[in-house]
Amino acid sequence: MRWLKYLIIVMLCVIALVVGIGFAWLNTDDVVIDLFFVTLPEASLSLWLMASFVLGGFAGILATGVGMMLLKARLNAANRKMNAANQELDRLRTASLKQSA
């Protein structure tokens, strides 16, 4: 079963590589990207599109990482509160057992 997963991943990577090469081959027109304050140098359309795709992927990974860190911090705070409440409950249970004995 493991080899099947490996085979599927390799096939998907090969397909993505072939599609990327075909995309780069068909989009060779040179374009200039003009932003509000900056004009980027002239390069092929496929280069700019792939660069924006990669940059968007990195931005997504960064945003997800920040969100995960915030959630992890909230989880740690909740765990600390739960541990403190459990310790208080144990203390109250032992105190009530000492009073009844």
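Summary of the structure given here. (Residues numbered from 1 in each chain as written. Predicted model: local features only at pLDDT ≥ 70, side-chain atom pairs only at ≥ 80, totals over all residues. Heavy atoms only, no water.)

**Observations regarding the overall build of the protein chain**
Note the cut-off: Under the scheme used here, helices are H or I runs from DSSP no shorter than 4 residues and strands are E runs no shorter than 2 residues, and both carry numbers assigned from the N terminus. Throughout, radius of gyration means the C-alpha value; the globule benchmark is 2.2 Å times the number of residues raised to the power 0.38. Accessibility here uses a 1.4 Å probe with only protein chains present; expressed as a share of the type maximum, an area under 20% marks a residue as buried, one over 50% as exposed, and anything in between as partly exposed.
A count of helices and strands for the protein chain gives two helices and two strands. Helices (α) and strands (β) of the protein chain occur, in sequence order from the N terminus, as α-β-β-α. For 101 residues, the compact-globule estimate of 2.2 N^0.38 gives 13 Å, and the protein chain exceeds it by more than 25% at 28 Å. With the C-alpha coordinates aligned to their principal axes, the bounding extent of the protein chain is approximately 90 × 50 × 10 Å. When each of the 101 residues of the protein chain is scored for burial, the buried share is 3%.

**Some thoughts on the environment of Pro 41**
For the record, the criterion: We call two residues in contact whenever any of their non-hydrogen atoms come within 4.5 Å of each other.
Tracing the backbone shows Pro 41 in the loop between β1 (30-31) and β2 (43-44). For Pro 41, a relative accessible area of 56% translates into the label exposed. Along the primary structure Pro 41 and Asp 30 are separated by 11 residues, whereas in three dimensions their C-alpha atoms are 9.8 Å apart. In contact with Pro 41, not counting residues within four places along its chain, are Val 31 and Trp 48.

**A short note on the pattern of salt bridges**
Here the idea is simple: oppositely charged side chains can pair when their charged atoms come close. Worth spelling out the cut-off: We define a salt bridge as a contact between a side-chain nitrogen of Lys or Arg and a carboxyl oxygen of Asp or Glu at a distance within 4 Å.
Within the structure shown, the criterion is met by two salt bridges. Arg 91 is paired through a salt bridge with Glu 88; the nearest N and O atoms lie 2.4 Å apart. With Arg 91 and Glu 88 both in helix α2 (residues 45-100) and three residues apart, the pair spans about one turn of that helix. Owing to a relative accessible area of 35%, Glu 88 belongs among the partly exposed residues under this scheme. Here Asp 90 and Arg 93 are joined by a salt bridge, their closest N and O atoms 4.0 Å apart. Of this pair, Asp 90 and Arg 93 both sit in helix α2, three residues apart, roughly one helical turn.

**Concerning the side chain of Ser 46**
By the element assignment, Ser 46 lies in helix α2. Filtering out sequence-adjacent residues up to four positions away, Ser 46 remains in contact with Phe 23, Ala 24 and Asn 27.

**Points about the environment of Met 1**
Locating Met 1 in the fold gives a position in the segment before α1 (2-26). Taking the C-alpha atoms as reference points, Met 1 and Ala 78, separated by 77 residues in sequence, lie 39 Å from one another.

**Some details on a nonpolar patch on the surface**
For the record, the criterion: Patch criteria: residues need more than 30% relative accessible area and no salt bridge. Like-charged residues are merged within 9 Å; nonpolar side chains of Val, Leu, Ile, Met, Phe, Trp and Tyr are merged within 5 Å. The accessible surface values rely on the Shrake-Rupley method and a 1.4 Å probe; as for residues, cover is taken only from the protein chains in view.
Together, Met 1, Trp 3, Leu 4, Leu 7, Ile 8, Met 11, Leu 12, Ile 15 and Val 19 make up an exposed nonpolar region whose accessible area comes to about 980 Å². Along the chain, the position of Ile 15 falls in helix α1.

**Quick word on the environment of Tyr 6**
Structurally, Tyr 6 can be placed in helix α1. Residue classification places Tyr 6 among the exposed positions, given a relative accessible area of 61%. Distance in space between the C-alpha atoms of Tyr 6 and Met 68 is 28 Å, their sequence separation being 62 residues.

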